[in-house]
Amino acid sequence: MPESPRLSLYHRLGCHLCQEMEAELRRLQPGLGFQLVLIDVDSATALRDQYGALVPVLVGEQGEVCRYFLDEGALRAALAPSSTFCNHIATIQLPHPGD
């Protein structure tokens, strides 16, 4: 059985946007089946330097999913199997010039 996808939420204690995004993720977690790792940007100088005030930031296996506010569409796209995403793209038909 494949391991569930892992998402990292870069946050800061006392940040209301961080708390809101975590609450929304916790609400969606049972249905979407992902692991959530909370990373306090103030726990290391390198993280504090990298993220500064740019929190919350949600990062998936392919990179940044969203920041400041949860983008549920971006979250679902990030969790979709890549083969499904590629198959969807392959089925799009573009109109031919002159049609």
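Our structure's up above, just so we're on the same page.
Conventions and cut-offs
- Residues numbered from 1 in each chain as written.
- Predicted model: local features only at pLDDT ≥ 70, side-chain atom pairs only at ≥ 80, totals over all residues.
- Heavy atoms only, no water.
- Pairing = 2+ DSSP bridges.
- Helix = DSSP H or I, 4+ residues; strand = E, 2+ residues; numbered from the N terminus.
- Axes fitted to C-alpha atoms, helices over the stretch in contact; angles between N-to-C directions.
- Left-handed = near helix turned anticlockwise from the far one by under 90°.
- Contact = heavy atoms within 4.5 Å.
- Nonpolar A, V, L, I, M, F, W, Y, C, P; charged D, E, K, R; others polar.
- Buried < 20%, exposed > 50% of the residue type's maximum accessible area, 1.4 Å probe, protein only.
- Salt bridge = Lys/Arg side-chain N within 4 Å of Asp/Glu carboxyl O.

1. Describing the pairing of strand 4 (residues 63-67)
Bridge count between strand 3 (residues 57-60) and strand 4: four bridges; the pairing is antiparallel. The residue of strand 4 that forms the bridge with Val 57 is Arg 67. Hairpin connection of strand 3 to strand 4: two residues between the antiparallel strands.

2. Considering the packing of helix 1 (residues 16-32) against helix 3 (residues 72-79)
Here helix 1 crosses helix 3 at 35 degrees, and the two axes come no closer than 13 Å. Between helix 1 and helix 3 lies a crossing of right-handed hand. For the pair formed by helix 1 and helix 3, the contact residues are Leu 25, Arg 27, Leu 28 and Leu 32 on the first element and Glu 72, Leu 75, Arg 76 and Leu 79 on the second. Looking at the contact of helix 1 with helix 3, its residues break down into five nonpolar, no polar and three charged.

3. Focus on the side chain of His 11
Mapping His 11 onto the fold places it in strand 1 (residues 6-11). Note on His 11: relative accessible area 13%, which makes it buried. Those residues within four positions of His 11 in sequence are excluded, and the remaining contacts are Cys 18, Leu 38, Ile 39, Asp 40, Val 41 and Val 55.

4. Section: the pattern of salt bridges
All chains considered together, the criterion is met by four salt bridges. Between Arg 26 and Glu 22 there is a salt bridge, and its shortest N-O distance comes to 3.5 Å. You can see Arg 26 and its partner Glu 22 sitting in helix 1, four residues apart, about one turn around the helix. Accessibility expressed as a relative area gives 24% for Glu 22, which makes it partly exposed. A salt bridge links Arg 76 to Glu 72; the nearest nitrogen and oxygen atoms lie 2.9 Å apart. Separated by four residues within a single helix, Arg 76 and Glu 72 lie in helix 3, roughly one turn from each other. With relative accessibility at 31%, the residue Glu 72 sits in the partly exposed group.

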